[in-house]
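Next come the chains, spelled out residue by residue.
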Amino acid sequence: MSALILDGKAFAAVCYEKLKPRVAQLINKGYQPGLAVVLIGGNPASQIYVRHKIQSCENLGVRSFSVNLPENVTMQEVLNHIQELNASPNVHGILVQLPLPKHLDADLLIEAIQPEKDVDGFHPWNVGCLVLGKQALYPCTPYGVMRLLEHYDIPLRGQEAVVIGTSNIVGKPMARFLQQAGATVTLCNSKTRDVKAHTRRADIVVAAVGKPSFITGEDIREGAVIIDVGINRLESGKVVGDIEFETVSKKAGWVTPVPGGVGPMTVAMLVENTVLAAERISGLAGN
């Protein structure tokens, strides 16, 4: 068999189209949504990601604000910038681009962002709402995966799901989303004795470990749904995920490509969170 493709790039375009009238309504009411991105240092990959996020916002009519700070910036200086953005009526979403220089505390910076402007969905308040099943600004990557699965009518209730990776950004919230959808979830970490024993029995596998070709066709069962969250750049310059696409795609039922799978959905959910934050702050949510 040959796996069907979960096309994140195509569905992200659908999401943007649905956001256009919401943005237009906000602008007509005098509230142009605004996203502020705090970029620290000169990490080339981070610079590319930020440009992509800003371009996606501007294509939709969402205003972007860039705060570019030097590598040696102090914690207090960054906190001062965040407080200015918190207070700005033109800024509805704030994100601090990760990773950060080692001398900066990412947790403290994220906690300094007002929860209603935390469009990455990393603030403890938003994380707590996710755990409790309440409305919040959800983490963009796992939320994008859930929206993609929903778009393609992938059944989740009663399914066996395995999430590989326990980060606060992807693994943990991904597991919670799947649990809330009725799946039975196994969350594998670096100490899991036999990860492949879990993936071979799973109906759904989410790979978020940052290791090229970590999952091969031999590691999954026939017809499984494989979600590849990994983004790895090989020495050749080629960008690949955490799965060996050639062998996995011959055995899986559904699979996300890299690039073009989860990545575009992450950015689309960031823009959607920004629009939602603007609607809530302006009092237009649900109108």
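Source: prediction; values computed, not measured.

1. Some remarks on the overall build of the chain
- Scanning the chain from terminus to terminus reveals ten helices and eleven strands.
- Since a compact globule built from 287 residues should have a radius of gyration of about 19 Å, the 19 Å found for the chain is in line with a globular shape.
- Over its C-alpha atoms, taken along the principal directions, the chain stretches across nearly 50 × 45 × 35 Å.
- Intrachain contacts of the chain at a sequence separation of at least 6 include 70% that bridge at least 24 residues.
- Summing over all exposed atoms, the chain offers an accessible surface of approximately 13,500 Å²; the carbon and sulfur share of this is 52%.
- For the chain, the distance from the average position of its 27 positive side-chain charges to the average position of its 27 negative side-chain charges is 3 Å.

2. What to know about the side chain of Ser56
- Tracing the backbone through its elements, the reader meets Ser56 in helix H2 (residues 44-60).
- Within the structure, Ser56 has its side chain in polar contact with the backbone oxygen of His52 (distance 3.0 Å).
- Beyond its immediate chain neighbours, meaning those up to four positions away, Ser56 contacts Tyr16, Val267 and Val271.

3. Thoughts on the sheet that holds strand E11 (residues 254-255)
- An order of E1-E11-E8-E7-E5-E6 is seen for the six strands of this open sheet, with the pairing classed as parallel. Looking along the sheet, the strands with just one partner apiece sit at the ends: strand E1 (4-5) and strand E6 (184-188).
- The pairing of strand E5 (residues 160-164) with strand E7 (residues 204-207) spans four bridges and is parallel. Looking across to E7, one finds that Val162 is bridged to Val205.
- Where helix H7 (residues 171-180) meets the sheet, its contacts fall on E5, E6 and E7, and the angle it forms with E6 comes to roughly 170 degrees.

4. Some thoughts on the nonpolar core
- Residues Tyr16, Leu149, Met174, Leu178, Val206 and Ile227 are the most contacted members of the largest nonpolar core, which totals 56 residues.
- It is helix H10 (residues 262-282) that provides the largest number of residues to this core, a total of ten residues.
- The residues touching Ile227, leaving out its near neighbours within four places in the chain, are Leu6, Val145, Leu149, Val205, Val206, Ala207, Thr256 and Val262.
- Counting residues in hydrophobic clusters, the runner-up holds 18 residues, among them Val38, Val73, Val78 and Ile113.

5. Side note on the sheet that holds strand E4 (residues 93-96)
- Pairing in this open sheet of three strands is parallel, and the strands run E3-E2-E4 from one edge to the other. The sheet is open, and its two edges are formed by strand E3 (63-69) and E4, each paired on a single side. For this sheet the average axis-to-axis angle between neighbouring strands, irrespective of direction, equals 15 degrees.

6. Some words on helix H1 (residues 8-28)
- When the terminal C-alpha atoms of H1 are compared, their 30 Å separation across 21 residues agrees well with the 30 Å that a helix rising 1.5 Å per residue should span.
- Most pronounced at Leu19, the bend in H1 amounts to some 30 degrees, and the proline Pro21 follows within four residues.
- Three or more residues of H1 are buried, namely Gly8, Phe11, Ala12, Cys15, Tyr16, Leu19, Val23 and Leu26.
- On its buried face, H1 sits against H2, helix H6 (140-151) and H10.
- The distance from a side-chain oxygen at the start of H1 to the backbone nitrogen of Lys9 is 3.2 Å, and the residue carrying that oxygen is Asp7.
- Phi turns positive, to about 90 degrees, at Gly30, one or two residues after H1.

7. Looking at the packing of H1 against H6
- Packing of H1 against H6 leaves a shortest axis separation of 11 Å and a crossing angle of 95 degrees. Classified by the angle between their axes, H1 and H6 sit roughly perpendicular to one another. Across the interface between the two elements, Gly8, Phe11 and Cys15 from H1 touch Arg147, Leu148 and His151 from H6.
- When its residues are assigned to classes, the contact of H1 with H6 shows three nonpolar, two polar and one charged.

8. Observations regarding unusual backbone geometry
- The omega angle of the peptide bond from Leu98 to Pro99 is 0 degrees, so this bond is cis rather than trans.
- Secondary-structure assignment places Pro99 in the loop between E4 and helix H4 (106-112).
- In this model, Val258 is joined to Pro259 through a cis peptide bond whose omega is 0 degrees.
- Mapped onto the elements of the fold, Pro259 is located in the loop between E11 and H10.
- If you check the backbone angles, Ser213 has positive phi at about 55 degrees while not being a glycine.
- Looking at the secondary structure, you find Ser213 in the loop between E7 and strand E8 (225-228).

The rules behind the values
- Residues numbered from 1 in each chain as written.
- Predicted model: local features only at pLDDT ≥ 70, side-chain atom pairs only at ≥ 80, totals over all residues.
- Heavy atoms only, no water.
- Helix = DSSP H or I, 4+ residues; strand = E, 2+ residues; numbered from the N terminus.
- Rg over C-alpha atoms; globule rule 2.2 N^0.38 Å.
- Contact = heavy atoms within 4.5 Å.
- Areas by Shrake-Rupley, 256 points an atom, 1.4 Å probe, with all protein chains shown as cover.
- Lys, Arg positive; Asp, Glu negative; His and termini not counted.
- Charge placed at Lys NZ, Arg CZ, Asp CG, Glu CD.
- Polar contact = N/O pair within 3.5 Å; in protein donor to acceptor, adjacent residues only side chain to side chain.
- Pairing = 2+ DSSP bridges.
- Axes fitted to C-alpha atoms, helices over the stretch in contact; angles between N-to-C directions.
- Core = buried A, V, L, I, M, F, W, Y, C linked by side-chain atoms within 4.5 Å.
- Buried < 20%, exposed > 50% of the residue type's maximum accessible area, 1.4 Å probe, protein only.
- Expected span 1.5 Å × (residues − 1).
- Bend = angle between axes of the 7 residues up to and from the residue.
- Parallel < 35°, antiparallel > 145°, perpendicular 65-115°, else oblique.
- Nonpolar A, V, L, I, M, F, W, Y, C, P; charged D, E, K, R; others polar.

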